[in-house]
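One-letter residues, chain by chain:
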Amino acid sequence: MAQKRRKELLSKRKQQKTTLLCIAGGIGAVALSLVFCLLFFDIGSKDVPVSAPQETALPYDVDEPFTIRDLTASQISKLRESGQMRVSDGPRGLSVGDSLDKLLTHFPNALTEKQDLSDQTGEQSDEEMILYCAEYFTNQNGLMVALPPRGLLSVDAGSIRVTLLAPTSAYPAGTKDNYRQYEHVYCVFNISPETMTVQSILLGLHQ
């Protein structure tokens, strides 16, 4: 009787070992299959796509005047919808809080001496200087005109302002005093007289 029980126990142990070996073999086969698939089909080796980088300041030349190319596609699209908008980050990497000195280094700067009232363009205050312009000429009314693209620095009633104006496309040949009939893009930097830093930036389109 004892011998019979011993045989039954041995038989059960053999069956258990066989079952464990079968399970282990199955797991191993699955693992090898996965490794083979990863190697053969190159699964997981490709780079994970990342989101596009945020818009950065566009490249520019400090010797070139401000133009519509200094604005991003997003800014131009919004201006087409609203006409103008205030921004904290303006063209050429300039932002609210930057100094006036820094601002002036990002654009052509050929400051002229203060002009007499007889030389005013009609768009200038008593304290206005031309940073740059395409041409400076006398119109039919005897007024001096700074043809865009132009940059003006003005001081009026305690406020300081840098106004940049440029056509959105090249003027037809011979355009002078009639330049106002064409579409322009502008950027106005309002400067704090106390800190001499940029207080606000206004972008706009007008005709």
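Calculation criteria
Residues numbered from 1 in each chain as written. Predicted model: local features only at pLDDT ≥ 70, side-chain atom pairs only at ≥ 80, totals over all residues. Heavy atoms only, no water. pLDDT = per-residue confidence, 0-100. Contact = heavy atoms within 4.5 Å. Core = buried A, V, L, I, M, F, W, Y, C linked by side-chain atoms within 4.5 Å. Buried < 20%, exposed > 50% of the residue type's maximum accessible area, 1.4 Å probe, protein only. Helix = DSSP H or I, 4+ residues; strand = E, 2+ residues; numbered from the N terminus. Pairing = 2+ DSSP bridges.

Student: Give a description of the confidence of the model for the chain that names residues and reports values.
Tutor: Per-residue pLDDT for the chain averages 76, and the proportion of residues at 70 or more is 65%. Contacts for the low-pLDDT stretch residues 26-56, under 50 throughout, to residues beyond four places or in other chains number 5 contacts. This model gives residues 112-125 a pLDDT under 50, and the stretch forms 30 contacts once residues within four places in sequence are excluded.

Student: Quick one: what's the story with the nonpolar core, residue by residue and with numbers?
Tutor: With 26 residues, the main nonpolar core has Phe66, Leu103, Phe107, Val162, Leu164 and Phe189 as its most contacted residues. Listing elements by their share of this core, those giving two or more residues are β1 (84-87), α3 (100-104), β2 (127-132), β6 (159-167), β7 (184-191) and β8 (198-206). Apart from residues no more than four positions distant in its own chain, Phe189 is found in contact with Pro91, Leu94, Leu103, Phe107, Ile160, Arg161, Val162, Leu164, Val198, Ser200 and Ile201. One finds Phe137, Val145, Tyr171 and Tyr179 within the second-largest nonpolar core, a separate group that totals 5 residues.

Student: Pulling in residues and values, what's your account of the pairing of β8?
Tutor: With 7 of 9 residues buried, β8 is to be regarded as a mostly interior element. Of the pairings in the sheet, the one linking β1 to β8 comprises 4 bridges and is antiparallel in character. Its bridge partner lying in β8, Arg86 is registered against Leu202. By the bridge criterion, 8 bridges tie β7 to β8 in an arrangement that is antiparallel. Pairing of Cys187 across the sheet is with Leu203, part of β8. In sequence, β7 turns back onto β8 through a hairpin of 6 residues, with Met196 there showing a positive phi of about 55 degrees.

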